[in-house]
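# Understanding the architecture of this molecule
Residues per chain are reported as follows:
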Protein chains: 2
Amino acid sequence: MRRMTARPANSHQARLLRLLRDGGPNSRAQLGDQVDLSRSKLAVEVDRLLETGLVVADGLAASRGGRRSHNVRLHPELRFLGVDIGATSVDVAVTNAELEILGHINQPLDVREGPVAVFEHVLSMTAKLRASGLADGFDGAGIGVPGPVRFPEGVPVAPPIMPGWDGFPVREALSQELGCPVMVDNDVNLMALGEQHAGVARTVADFLCVKIGTGIGCGIVVGGAVYRGTTGSAGDIGHIQAVPDGRPCACGNRGCLEAHFSGAALARDAVEAARQGLSPELAHRLEANGALSAVDVAAAAAAGDATALELIREGGRSTGQVIAGLVSFFNPGLVVIGGGVTGLGHNLLAAIRTQVYRQSLPLATGNLPIVLGELGPTAGVIGAARLISDHLFSPA
Amino acid sequence: MRRMTARPANSHQARLLRLLRDGGPNSRAQLGDQVDLSRSKLAVEVDRLLETGLVVADGLAASRGGRRSHNVRLHPELRFLGVDIGATSVDVAVTNAELEILGHINQPLDVREGPVAVFEHVLSMTAKLRASGLADGFDGAGIGVPGPVRFPEGVPVAPPIMPGWDGFPVREALSQELGCPVMVDNDVNLMALGEQHAGVARTVADFLCVKIGTGIGCGIVVGGAVYRGTTGSAGDIGHIQAVPDGRPCACGNRGCLEAHFSGAALARDAVEAARQGLSPELAHRLEANGALSAVDVAAAAAAGDATALELIREGGRSTGQVIAGLVSFFNPGLVVIGGGVTGLGHNLLAAIRTQVYRQSLPLATGNLPIVLGELGPTAGVIGAARLISDHLFSPA
DNA sequence: GAGGCTTTGTCCACTCAGTGGAGAAAGTCG
DNA sequence: CGACTTTCTCCACTGAGTGGACAAAGCCTC
């Protein structure tokens, strides 16, 4: 394989590349239906893309009632790397130019081990994917980290849960290691991008994507583009007050959403309930594993454990309380709920919905779907691939 | 005078018109410094604008060390009308093409009288302005209403405080009466536009503009453009819960921000305090006027009345509580506080700041100014003029 | 006030993006 | 096989935009 280095020379070419990425192989004629260019001009730009090698001929298409058209597609050997670093695990995936996942590895890993250790893992996972023959190099990589990022530079800033990463030049370091362009973003933003690209948010311009994992964050999409805020911390809703004078939070305040509901908080509350003898189901599981997680709570609730169910409902209420405010403020066209805790499924969703529909303005909730993400654990890596492909498929 | 009907023919002309609007009279050479066009092309576009009559010659500029340049400016007879309909009063102003206010009238008026009655007032105020010789017609008008608007059509939707207006074709009706293009928006959005154009937010891309008047709303500016949400209700923060299990609100919930702090709530609390004998100052003023408003509370606080001061602080805390959440979520570069209640001045601002800086994330508040609006009651009408001029100064 | 330098404005030949029509090539359908 | 449709290519033409040459009009110094 040989790596592609060319970039689209103008906005038309960029547009065409994205159409081929999102729509798959396509004929000149079909592309022409979508781009508002004369056939002549379109042919010229496609020919130029063929010259660069970004696009290749792909045989003849079926006839639409006349001469059969010559299909073109993105180069089949293009490869993107998507990396999603969570608080407690890492996902690495290889995609083709159409952002289809060709291979995907997940590994538990504590982000607090610091950038150097984490990078070692990421690189060894990458090596494994390469060794399996899916790629012998990458044309671009996207990487998500669980904290705020100064987006233009690709550097984490003051990340609360990953202190050692502050100012670490993630973009530069990874770019050097992989020998390809790299873009860095918050993991929540990448989840939103993923759901927008291939999930439930495909047709919505303005939406929120709430990720409930170890912590809680919210991806904000405005007019189809991720909004990152002035310092890159937009969507950091974990420390919005959900319960006045509530539980103390690591941030120093009380009643933060994250202190009341998140993977960590739920595990803590479950252990507490088990110890207090409130839930035989949870106690049983605690004894078996020595620890509890959202999965245990979900299983207990499914088994009819009232305490577990109440924990989920209570968390949904807190989350819904905060989301209700955001919905009134932002008036989104869709709210996506994702992250590890979504294993709690319908019970959680129902509690959130109830709270939001009760508290937000009717005009804002009137036609507002609140749904679970569709892509599960792959949303992040797809979003990462989408991030870098958006970058590469834009005029140089 | 004769009205201008031409529109810019392309994006260059639109750009030039906006530069002349925001920078005043300017020479071709100076314009060239700002637009990244060759002098030849620039001259062609300026000549075309001169032909349309949108732009006129304006004498010679001072020398910059060589040949003196010929200035051009927007046609001096262009007139925009800015209308700001509040809950309890109406502002109407005439501006020139540079959006400088040439005349401004304010009149108390209850918006609940309905669109027909309000329009009658607006038109008679407009007639007064025309009679004073400031304009004999308008090239465009912007109008703000205190409720959500379906922006593309210029029609209020389900406005809680102005029930009779639901679905009333404001844009069409006013356009017909005035014989010029009209754009309609939420009054809060227009305040944000005004502060962006000529006030404190001139250089900020992403900011929030919180307007505390009879109700409370928030203008959202993303990347320099007003964000309106999916159904036009974005920024409607008056019914976000500020105090759990707090005061009952007209919307049916409890503890809404508006129920705890707004012009209406403050007046209610002040009367209550006066009646309970907690505040001699307020009681005195209540007896004198038969009613109390934010102005009275401000005066009482300034006179050292502890109860009045506490009312302000308490309101600031509630408001700050909600803003803190929005700041964490939105990560703005600036928060502007405006509206009638800003007469409460520094005490209010200090309470809001304290609460926000305490509750929001350090990264989001680190370099975040929270300031009072600069334009006071003229922000709305300037924003209205800006709205229509943005529309007219964009390619047809 | 003459001469040199700078800035501004005008003119013009040239490049290149993009259009739209003509017509060839390659299909389908009856 | 002929009529019709769709796709692709070719080409003349338009119009946007560039950049250089040059004239006009200012400043400054000697």
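Residues numbered from 1 in each chain as written. Chains lettered and ligands numbered in written order. Predicted model: local features only at pLDDT ≥ 70, side-chain atom pairs only at ≥ 80, totals over all residues. Heavy atoms only, no water.

## Observations regarding the protein's contact with DNA strand C
In the vicinity of DNA strand C, 22 residues are found, and the nearest of them are His12, Ser40 and Lys41 of chain A together with Arg64 and His70 of chain B. The sugar-phosphate portion of DNA strand C accounts for 61% of its atoms within 4 Å of the protein, the bases making up the rest. Within the side chain of serine 40 of chain A, a nitrogen or oxygen atom sits 2.5 Å from a base oxygen of DNA strand C. Between lysine 41 of chain A and DNA strand C, the recorded distance is 2.8 Å, taken from a side-chain N or O atom to a phosphate oxygen. For the surface near DNA strand C, the elements supplying multiple residues, two or more each, are helix 3 (39–52) of chain A together with helix 2 (28–35) and helix 3 (39–52) of chain B. Class assignment for the residues of the surface near DNA strand C results in two nonpolar, eleven polar and nine charged. (Near = heavy atom within 4 Å. Polar contact = N/O pair within 3.5 Å; in protein donor to acceptor, adjacent residues only side chain to side chain. Helix = DSSP H or I, 4+ residues; strand = E, 2+ residues; numbered from the N terminus. Nonpolar A, V, L, I, M, F, W, Y, C, P; charged D, E, K, R; others polar.)

## Focus: the protein's contact with DNA strand D
The environment of DNA strand D is formed by 22 residues, the closest being Arg39, Arg67 and His70 of chain A together with Ser40 and Lys41 of chain B. When atoms of DNA strand D within 4 Å of the protein are split into backbone and base, the sugar-phosphate part holds 63%. Separating a base oxygen of DNA strand D from a side-chain N or O atom of arginine 67 of chain A is a distance of 2.9 Å. Mapped by element, the contributors of at least two residues to the surface near DNA strand D are helix 2 (28–35) and helix 3 of chain A together with helix 3 of chain B. For the surface near DNA strand D, the element with the highest residue contribution is helix 3 of chain B, accounting for four residues. Here the residues of the surface near DNA strand D are counted per class, giving two nonpolar, eleven polar and nine charged.

## Some words on the packing of helix 1 (residues 11–23) of chain B against helix 3 of chain B
All names here are of chain B. Contact pair helix 1 / helix 3: the axes reach a minimum separation of 10 Å and the direction vectors enclose 75°. Here helix 3 runs roughly perpendicular to helix 1, going by the angle between their axes. Where helix 1 approaches helix 3, its residues His12, Gln13, Leu16 and Leu17 are matched on the opposing element by Lys41, Leu42, Glu45, Val46, Arg48 and Leu49. Along the lines of polarity and charge, the residues of the contact of helix 1 with helix 3 split into five nonpolar, two polar and three charged. (Axes fitted to C-alpha atoms, helices over the stretch in contact; angles between N-to-C directions. Parallel < 35°, antiparallel > 145°, perpendicular 65-115°, else oblique. Contact = heavy atoms within 4.5 Å.)

## A few points about the sheet that holds strand 5 (residues 89–95) of chain B
Residue and element names in this part refer to chain B. Taken in spatial order, the five strands make up an open sheet running 6-5-4-7-10, and their pairing is mixed. Taken across any chain shown, the strands that pair with only one partner, and hence form the sheet edges, are strand 6 (101–108) and strand 10 (182–186). Ignoring which end each strand starts from, the neighbouring axes of this sheet average 15° apart. Inspection of the sheet shows strand 4 (residues 80–85) paired to strand 5 by six bridges, in the antiparallel sense. (Pairing = 2+ DSSP bridges.)

## A look at the sheet that holds strand 7 (residues 140–145) of chain A
Residues and elements named next belong to chain A. Pairing in this open sheet of five strands is mixed, and the strands run 6-5-4-7-10 from one edge to the other. Edge strands, defined here as strands with exactly one partner in the open sheet, are strand 6 (101–108) and strand 10 (182–186). Strand-to-strand twist of the sheet, defined as the mean angle between neighbouring strand axes without regard to direction, takes the value 15°. Bridge analysis of strand 4 (residues 80–85) against strand 7 gives five bridges, and the strand direction is parallel. What sits directly across from valine 83, in strand 7, is isoleucine 143. The sheet strands contacting helix 6 (residues 187–198) are strand 4, strand 7 and strand 10, and the helix crosses strand 10 at an angle near 105°. Lying over the sheet, helix 14 (residues 379–392) contacts strand 4, strand 5 (89–95), strand 6, strand 7 and strand 10, oriented at roughly 130° with respect to strand 4.

## Structural notes on the relation of the copies chain B and chain A
Under the fitted operation, chain B is carried onto chain A by 0.0 Å of movement along the axis and a turn of 180°, and the coordinates agree to an RMSD of 0.1 Å. Such values leave the two copies arranged in the relation of a two-fold axis. Mapped onto chain A, 100% of the interface residues of chain B again fall at the interface, so both copies present the same surface. (Least-squares fit on C-alpha atoms with pLDDT ≥ 70 in both.)

## Observations concerning empty space enclosed by the protein
Inspection of the entire model under this criterion finds two cavities of 30 Å³ or more. What the largest cavity holds in volume is close to 290 Å³. Residue lining of the largest cavity: 21 residues in total, with Ile240, Gln241 and Gln321 of chain A together with Ile240 and Gln241 of chain B positioned closest to the centre. For the lining of the largest cavity, the secondary structure elements donating two or more residues are helix 11 (306–330) of chain A together with helix 11 (306–330) of chain B. Top contributing element to the lining of the largest cavity by residue count: helix 11 of chain A, with six residues. For the lining of the largest cavity, the per-class residue count stands at twelve nonpolar, nine polar and no charged. What the second largest cavity holds in volume is close to 40 Å³. Every residue along the wall of the second largest cavity is listed here: His239, Ile240 and Gln241 of chain A together with Gln321, Ala324, Gly325, Ser328 and Gln359 of chain B. For the lining of the second largest cavity, the element with the highest residue contribution is helix 11 of chain B, accounting for four residues. (1 Å grid on protein atoms, 1.4 Å probe; cavity = no way out; pocket = protein on both sides within 12 Å on 5 of 7 lines; lining within 4 Å. Points joined across faces, edges and corners; volume = space filled by probe spheres on them.)

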